[in-house]
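Below are the chains, spelled out letter by letter.
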Protein chains: 2
Amino acid sequence: MPRDVLDLLGDALGDALDTGEAALEAAREDRSGWRGEHRPLAVVRAASVADVQAALRIATETGTPVVPRGAGTGLAGGAIASRGSIVLDVSRLDRILEVDEANELAVVEAGVLNGALNDALAPRGYWYAPDPASRAISSIGGNIATNAGGLLCAKYGVTREAVLGLTVVLADGRLLRTGRRTVKGVTGYDLTALFTGSEGTLGVIVEATVRIRPIVAGDVVTIAAAFPDVASAAAASAAITAARVRPAVLELIDAAALARIGEYLGPEAVAGTPLEALASGEAFLLAQCDDGAAHAEAAVVAEVIERAGGRTTVSTDAASGERLLDIRRAMHPAIAARGNVLIEDVAVPRSALPAMFRAIEEIGERYGLVIPTIAHAGDGNLHPNFVFEGDEVPAEVWAAADELFRAGVALGGTLTGEHGVGILKRRWLAAELGEDSVELQRGIKSVFDPAGILNPGVMFDPPA
Amino acid sequence: MPRDVLDLLGDALGDALDTGEAALEAAREDRSGWRGEHRPLAVVRAASVADVQAALRIATETGTPVVPRGAGTGLAGGAIASRGSIVLDVSRLDRILEVDEANELAVVEAGVLNGALNDALAPRGYWYAPDPASRAISSIGGNIATNAGGLLCAKYGVTREAVLGLTVVLADGRLLRTGRRTVKGVTGYDLTALFTGSEGTLGVIVEATVRIRPIVAGDVVTIAAAFPDVASAAAASAAITAARVRPAVLELIDAAALARIGEYLGPEAVAGTPLEALASGEAFLLAQCDDGAAHAEAAVVAEVIERAGGRTTVSTDAASGERLLDIRRAMHPAIAARGNVLIEDVAVPRSALPAMFRAIEEIGERYGLVIPTIAHAGDGNLHPNFVFEGDEVPAEVWAAADELFRAGVALGGTLTGEHGVGILKRRWLAAELGEDSVELQRGIKSVFDPAGILNPGVMFDPPA
């Protein structure tokens, strides 16, 4: 008689196996505002790569689904327990194994937090560029599994551009190394890029070799600008790209989002910032220029903004620049303080930003919803936020989100710029990619995961 | 009775079908110094995407192998006719379909030459960064199929980082679109990156959406440096990376290569350049700094070079900088003028450059071969050159190349930095990647090309 999965896991993993109430409940959630229906069979808190391999060997033997999980900060339900699954948590794999300054790379375990890596690099004069807003709480492995973006992508690239190689545990427990420690290398297919953004559906990332960069020298110039409405702010941000300058940061915050940030921060924190001087209905654009060309670029940015009807405040010291960025960073807590929140993530070509903001406004009016929106305007990625009460996303929010995705795709964009497909967006996958592409992608998944045990239901519809 | 492949192609393609002697002979070669044993059945010079689709539909129906080919400038035998194949030449697909400055992208057909795209972009103030030394003669589609590198990769990235989306004709003639026009986008697996560097084994690239950049503003500072030997030049280039500066160009030329370049250019062209002042056995390092930080960076580079024992010549005007780079660009014609040449392409972590140069020297001595070598030192990519007489690469050259590849891989490097695996390097694929990786990659190929008609024998061993 075959032995029970839990017995096998217990024998192989000892203390790393957690079947306690708290662990099983916690695995039902991430930061998406979604709560899964099912508890997992068990949570495995792997303490070593060997633990990950053992768990996957047992999963393959027993046909048990596995949900790989890092810091649990996903925004698309990509690491939430599914029915009868083992949640394979790699957050304890949190060692920085190597920092190689001469070759501008670091080797880290998957559970290392993005912020922790940067804290370790800063005293050496280096940094890791991918900069999701969640960097203090999200892990490098999770950033890679979702190909995370962030605030700096137009200038410094997305996660994929910072990953040189990976160590991955395959569905059957074998260890696979991809990529290399060199800047260039074209031997075989680019499996590193294939795993980047694969959301735990092809293997479990346990280690990564990532590119690091020397900290950017020179002044940082920050420009805050108020606009009478979001349309003119969006037009200004598109005009900045068209003016051939590339600020490191270019963030747009609409009036509904600003109102919530103001309430959340309170009058004391707002005093003395450009936020204080905003009139009702005004939108806010925040640009930051760095490196040797900062001052020259900032002058162009300010000129474009003023021509587009914005009022600018320029700051050339790093500390006051950081205070301006803190306004942006307060967005998620400010929204979350009001209820549960579904954060959307469409991205459009930068010239389509004004049209996408119009579409959001129109959809909000039609559904009677306020949709506070923030955009990484420098790269065309928008986060419209839906706030709701209770555990379930209400039907009219899904309906509005559906229209919003379709509007983004119709403008030449994508339904997810940086959060991933997860469970929450898989129903729109074929609408964006087409059936042929989805069929090929399912074929690739079958090569890596013939039994279909890796994160079933994430990215693709689960088997019927 | 099934109709003959040539009849079917003739009916479907008319004038696009070429079975003339000259076309069939030309398809046996690329620029690798290798000449294939077989003529193809036919060359199809596709005049439209529909022609590519028709050829592939017929190939699938009849089980005929297809060798996709662009400008024919490959260096690894990846587009050479195989036995009984249709060579599918896309070089006539040479239209620039769109330049979208506001979104910093261009849409081009696969046959557009890299240099032609840059010529079209320059008057608008934009450029396309991937810069293989062959840019005047190689096509964007071929650059993508090999994930081409070039001189600027440490600072401006390889081809993969410049490709946003592709249109690909699949083995059965269906059209697939991958990627998007946005900076970010994570819906589904990254098929764009998977096709980039796939050497015609997964589909035929017919169109690409590529990232363009504003032309870099500010002075360009060029530093030429002479070193008493290649070891000190290699140590200096590794020290430049370690000094946290990132020149746009950092090229190293050894004494054997310099001697050939000097002979090829002749005393008149050499007069007045730093080449004239070189003593026998000296090596040459060429650095170019650009953007707002050029002067500050160049000062650091010059200091590092002088500390490492180099004599510098600094040039701050673009024209004399270009003359210095022309010395580098004369390398390939200078070597080719002496016989047939096998250009190798190992890449190593940058700190391993001195060790790799030592290995090349040692291998050369052991085999009694002079191996003139040039390196993209900024990214650790070396091109050791083997010159030989006649059509066949001599056995001792292959034996020396074999040791050279193994030395590169043992130093943490790769057997091909930018040229691709093609036919010529497939025998070393598993030595670098491991059997598990090769098995998975063959699995991916089967998903896209179940009948195995796309470029059989390239990248992977042909079916027995």
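Quick summary incoming for the structure in this document. Computed from a predicted model, the values in this text were never measured in an experiment. (Residues numbered from 1 in each chain as written. Chains lettered and ligands numbered in written order. Predicted model: local features only at pLDDT ≥ 70, side-chain atom pairs only at ≥ 80, totals over all residues. Heavy atoms only, no water.)

## Here we look at the interface of chain B and chain A
Step number 1: Each partner contributes residues to the interface: chain B has 81 residues there, and chain A has 81 residues.
Step number 2: Roughly 6500 Å² of surface becomes buried between chain B and chain A when both sides are summed, with 56% attributable to carbon and sulfur atoms.
Step number 3: Three residues stand out in chain B for area buried against chain A, namely B:Lys184, B:Val186 and B:Tyr189, and they jointly supply 15% of the buried area on that side.
Step number 4: Taken together, the links from chain B to chain A amount to 18 salt bridges.
Step number 5: Of the charged contacts in the structure, one is a salt bridge between B:Glu432 and A:Arg180, with a shortest N-O distance of 3.3 Å.
Step number 6: Counting the contacts that link chain B with chain A gives 37 residue pairs in polar contact (both at pLDDT 80 or more).
Step number 7: Elements with a minimum of two residues in the side of chain B that touches chain A: helix H6 (153-156), strand E9 (175-179), helix H7 (191-195), strand E11 (213-214), helix H8 (230-242), helix H15 (429-433) and helix H16 (435-448) of chain B.
Step number 8: Broken down by element, the side of chain B that touches chain A gets its largest block of residues, 10 residues, from H16(B).
Step number 9: Here the residues of the side of chain B that touches chain A sort into 31 nonpolar, 28 polar and 22 charged. (Contact = heavy atoms within 4.5 Å. Buried area = accessible area lost by both parts, 1.4 Å probe. Salt bridge = Lys/Arg side-chain N within 4 Å of Asp/Glu carboxyl O. Polar contact = N/O pair within 3.5 Å; in protein donor to acceptor, adjacent residues only side chain to side chain. Helix = DSSP H or I, 4+ residues; strand = E, 2+ residues; numbered from the N terminus. Nonpolar A, V, L, I, M, F, W, Y, C, P; charged D, E, K, R; others polar.)

## Here we look at the environment of A:Thr273
Residues and elements named next belong to chain A.
Step number 1: Checked against the element boundaries, threonine 273 lands in the loop between helix H9 (255-270) and strand E14 (283-289).
Step number 2: Taking the C-alpha atoms as reference points, threonine 273 and threonine 313, 40 residues apart in sequence, are found 9.3 Å from one another.
Step number 3: Engagement of the side chain of threonine 273 in a polar contact is seen with the backbone oxygen of valine 270, the distance being 2.8 Å.

## Details of the environment of A:Leu176
Step number 1: Mapped onto the fold, A:Leu176 is located in strand E9 (residues 175-179).
Step number 2: The class for A:Leu176 is buried, based on a relative accessible area of 2%.
Step number 3: In this structure the C-alpha to C-alpha distance between A:Leu176 and A:Ile205, which are 29 residues apart in sequence, comes to 9.5 Å.
Step number 4: Apart from the residues within four sequence positions on either side, A:Leu176 is in contact with A:Leu166, A:Thr167, A:Val168, A:Leu170, A:Leu191, A:Phe195, B:Asp436, B:Ser437 and B:Leu440. (Buried < 20%, exposed > 50% of the residue type's maximum accessible area, 1.4 Å probe, protein only.)

## Describing the side chain of A:Gln441
Step number 1: By the secondary structure assignment, A:Gln441 is in helix H16 (residues 435-448).
Step number 2: Contact partners of A:Gln441, with chain neighbours within four places excluded, come to A:Leu433, A:Phe460, B:Gly188, B:Tyr189 and B:Leu191.

## Comments concerning helix H4 (residues 114-121) of chain B
Residue and element names in this part refer to chain B.
Step number 1: Among the residues of H4, Asn114, Gly115, Leu117, Asn118 and Leu121 are the ones counted as buried. The buried residues of H4 occupy an angular sector of 160 degrees when projected down its axis, which confines them to one face.
Step number 2: Those residues of H4 hidden inside the fold are in contact with strand E5 (96-100), strand E6 (105-109), strand E7 (126-127), helix H5 (140-145) and strand E10 (204-211). (Arc of directions from axis to C-beta.)

## Re the pattern of salt bridges
Step number 1: Counting across every chain of the model gives 74 salt bridges over all chains.
Step number 2: Salt-bridge contacts for A:Asp290 lead to A:Lys155; the nearest nitrogen and oxygen are separated by 2.7 Å. With A:Asp290 in the loop between E14 and helix H10 (294-307) and A:Lys155 in helix H6 (residues 153-156), this pair connects stretches of sequence that are 135 residues apart. For the residue pair A:Asp290 and A:Lys155, the accessibility class agrees, reading buried in each case.
Step number 3: Between B:Glu21 and B:Arg39 there is a salt bridge, with its nearest N and O atoms 2.9 Å apart. Of this pair, B:Glu21 sits in helix H2 (residues 21-26) while B:Arg39 sits in the loop between H2 and strand E2 (42-45), placing them 18 residues apart in sequence.
Step number 4: Note on B:Arg39: relative accessible area 35%, which makes it partly exposed.
Step number 5: Residues joined by salt bridges that share partners form a network here, namely A:Glu21, A:Glu25, A:Arg28, A:Glu29, A:Arg35 and A:Arg39.

Everything listed here is a matter of geometry and, on its own, says nothing about what the molecule does.
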